[in-house]
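# Examining the three-dimensional arrangement
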Amino acid sequence: MDLIIDNKELLLLLFGFLIISISANQIAKSFQKLRFPLITGLIFGGIIAGPYVLGLIPAGASDNLKFINEVSLAYIAFAAGAELYLVELRSKLRTIKINSAVQSAVGLSLGAIILYFCIDLVPFASSFSDTEKVVFSLLTAVLFVAPSPASVIAVISELRARGPFTKTVLGITMAKDFLVVVLFAVALSVSKSLLGGQDIRIFDYLFLVAELVASFALAYLVGKLLHGILKWGQRGLIKTALVLVLGLLVYVFSNYFREYSGQNLTHEVYLEPLLICLIASFYVVNYTKYRPEFLKILHDVSHYIYVVFFTLTGASMDIPVLAEVWLIMLAFFVIRLVTIITGTSISSLIMKEKFIHYKVGWMPYVAQAGVALGLVTVVSEQFPSWGQDFATIGISVIIINQLLGPPLIAKAITLMGENKSRAEQPTFDGIKDVLIFGHESQSMALAMQLQSKKWSVDIATKKSKSEVDEIKDINIHYLEDYDGINKTFFEKIKASKYDAIVSLLSDEESLQICQLVYEEVG
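These notes cover the structure that comes with them.

Cut-offs applied
- Residues numbered from 1 in each chain as written.
- Predicted model: local features only at pLDDT ≥ 70, side-chain atom pairs only at ≥ 80, totals over all residues.
- Heavy atoms only, no water.
- Pairing = 2+ DSSP bridges.
- Helix = DSSP H or I, 4+ residues; strand = E, 2+ residues; numbered from the N terminus.
- Axes fitted to C-alpha atoms, helices over the stretch in contact; angles between N-to-C directions.
- Parallel < 35°, antiparallel > 145°, perpendicular 65-115°, else oblique.
- Left-handed = near helix turned anticlockwise from the far one by under 90°.
- Contact = heavy atoms within 4.5 Å.
- Nonpolar A, V, L, I, M, F, W, Y, C, P; charged D, E, K, R; others polar.
- 1 Å grid on protein atoms, 1.4 Å probe; cavity = no way out; pocket = protein on both sides within 12 Å on 5 of 7 lines; lining within 4 Å.
- Points joined across faces, edges and corners; volume = space filled by probe spheres on them.
- Core = buried A, V, L, I, M, F, W, Y, C linked by side-chain atoms within 4.5 Å.
- Buried < 20%, exposed > 50% of the residue type's maximum accessible area, 1.4 Å probe, protein only.
- Expected span 1.5 Å × (residues − 1).
- Arc of directions from axis to C-beta.
- Phe/Tyr/Trp six-rings, centres within 6.5 Å; stacked < 30°, edge-to-face > 60°.

One open sheet accounts for four strands, arranged 3-2-1-4; its pairing is parallel. If you trace the sheet from one side to the other, it starts and ends with strand 3 (475–478) and strand 4 (500–503), each paired once. Direction aside, neighbouring strands of the sheet carry axes that sit 20° apart on average. Looking at chain direction, strand 1 (residues 433–437) and strand 4 are connected through four bridges and run parallel. Bridge pairing in strand 4 links I436 to V502.

The structure is reproduced here in structure tokens:
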């Protein structure tokens, strides 16, 4: 009878939470109109519905809704792994490997050292033992390393950015996303050994390696299962549901095996679910032919996952603790910024980059989102005595990073000259101007026809002046005088005055003209 009541209460809680998530989604849309990220609005909606404001989601509800977190975290890991597509990264692989390794190493070591010596300023950590200080500093430093591929991809898409800097930034962000999950798995195992009162011996290192090997083996199996699901002829919601259920089962198995090993073996074995799901996703996108379908499934379900995950994250935040530690939150943000700038500067020095890389190279890595929040959630669950306080500070820092990160990504891409977004559209000056590329019979016939309709006509041609018979009232631009079709050409002829541009050149040349017009003329 008690089980029936519990299940009924869980269903009511779940139903109520889904209604609140829909409301949080509407709040988030309002935030987007103010140019805030969607995530910020969802977290804010969760805070409003949480136990410290309206009380619609009671304290402790996150424990009962833990499976929502686990499904969401599995999805986040799948999405992160899906971005590690080797075909697109191969040309910049050496640069990506060196930069991601240096930035991660510097960020982790420098962050841990600074945090260790500043930890007494954190109210709930002031009474920590030396071991607890090391654990707290190490786990927080790993959190500092985590970037946000989702934010980088969103900004790149919005700006239509392309170029070596953009490609390198995207590759480094995704590589660091993978590295941070591995680093977190290692840091978590070391931390649990330290807090368990055990000295770390050679056996412990071997055991940690064995855990990682087991995680990779399980990841390969999960990748094969994903492959089987994607290969299955069934389409639509059923296949999407199976992918998400598989992610949840990874968490269920990991939790069960950890509990079982703790009771029956000399060591508790923790197989990191985030790492397993990330590697499984990497396998699918790089070693099967189902990458497009897998990406479509992830894209179609992304919004719903983010809504429930970030709403629950906001509802789980301890607002009284946040009010006490807001200065610490700002201090953590500054410390992370210092580690990012130091790491990118050292990697730029090693790669002998131009000076501008020292100026803007750190900007794309400030943003944080899914994986970082996932790590915070795991720490909160693994260390219940101080995990919730840690989560409150961590989530707050992530929100600041997510607010400032996307604008910084856009600024860096723009300063590097790889912003290909549409130029501001010019206003109509009262005269209908047209520029026609090409000087053949077809273009001349079009020019004469437009002139009869009161259009002012200019022609751009690849021919030399000796090959062209000029026509009254038609201005001819000779591309050889401008070294061809380029940005300088459009600037010198003041292309913003034209109300229409027609290209009768080859497809390749016409595409080049369209891109330049979009970016330079609007």
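This part is about the packing of helix 2 (residues 38–49) against helix 13 (residues 291–315). Axis separation between helix 2 and helix 13 bottoms out at 6 Å; the angle between their running directions is 45°. Between helix 2 and helix 13, the interaxial angle falls into the category oblique. In this structure, helix 2 meets helix 13 at a crossing whose hand is right-handed. Here L38, I39, L42, I43, G46 and I47 of helix 2 come into contact with helix 13, specifically with H303, Y306, V307, F310, T311, G314 and A315. Residues that form the contact of helix 2 with helix 13 fall into these classes: nine nonpolar, four polar and no charged.

Take the layout of surface pockets next. Think of a ball as big as a water molecule: rolled over the atoms, this probe shows where empty space is left. Looking at the second largest pocket, its volume works out to about 490 Å³. Along the wall of the second largest pocket there are 24 residues; nearest its centre are S62, D63, S316, S380 and Q388. Those elements that place two or more of their residues in the lining of the second largest pocket are helix 3 (61–64), helix 4 (66–82), helix 13, helix 17 (370–382) and helix 18 (387–415).

Once that is clear, we can look at the nonpolar core. As a rule of thumb, soluble globular proteins bury nonpolar side chains together. Of all hydrophobic cores here, the largest spans 124 residues; its most connected members are F294, F332 and W386. Among the nonpolar cores identified, the runner-up in size contains 16 residues, and F437, I485, F490 and I493 belong to it.

Our focus in this paragraph is helix 19 (residues 441–452). The end-to-end C-alpha distance of helix 19 is 17 Å, a good match for the 16 Å that twelve residues give at a rise of 1.5 Å each. For helix 19, the set of buried residues is S443, M444, A447 and L450. The buried residues of helix 19 occupy an angular sector of 125° when projected down its axis, which confines them to one face. Exposed and facing more than 90 degrees away from the buried side of helix 19 are S441, Q442 and S452. Following helix 19 by one or two positions, K454 adopts a phi angle in the positive range, close to 75°.

We now examine the packing of aromatic side chains. Taken as a whole and judged by the stated rule, the model has 16 aromatic pairs. Arranged with centres 5.8 Å apart and planes meeting at 55°, the rings of F128 and W386 form a pair that is tilted. Residue F128 is located in the loop between helix 6 (93–118) and helix 7 (130–145), and its partner W386 is located in the loop between helix 17 and helix 18; the two are separated by 258 residues in the primary sequence. Residue F128 is classed as buried on the basis of its relative accessible area, which comes to 11%. Between F253 and F257, the ring centres sit 5.7 Å apart and the planes meet at 15°, which makes this aromatic pair stacked.

So far we have only geometry, and geometry alone does not tell us how the molecule works.
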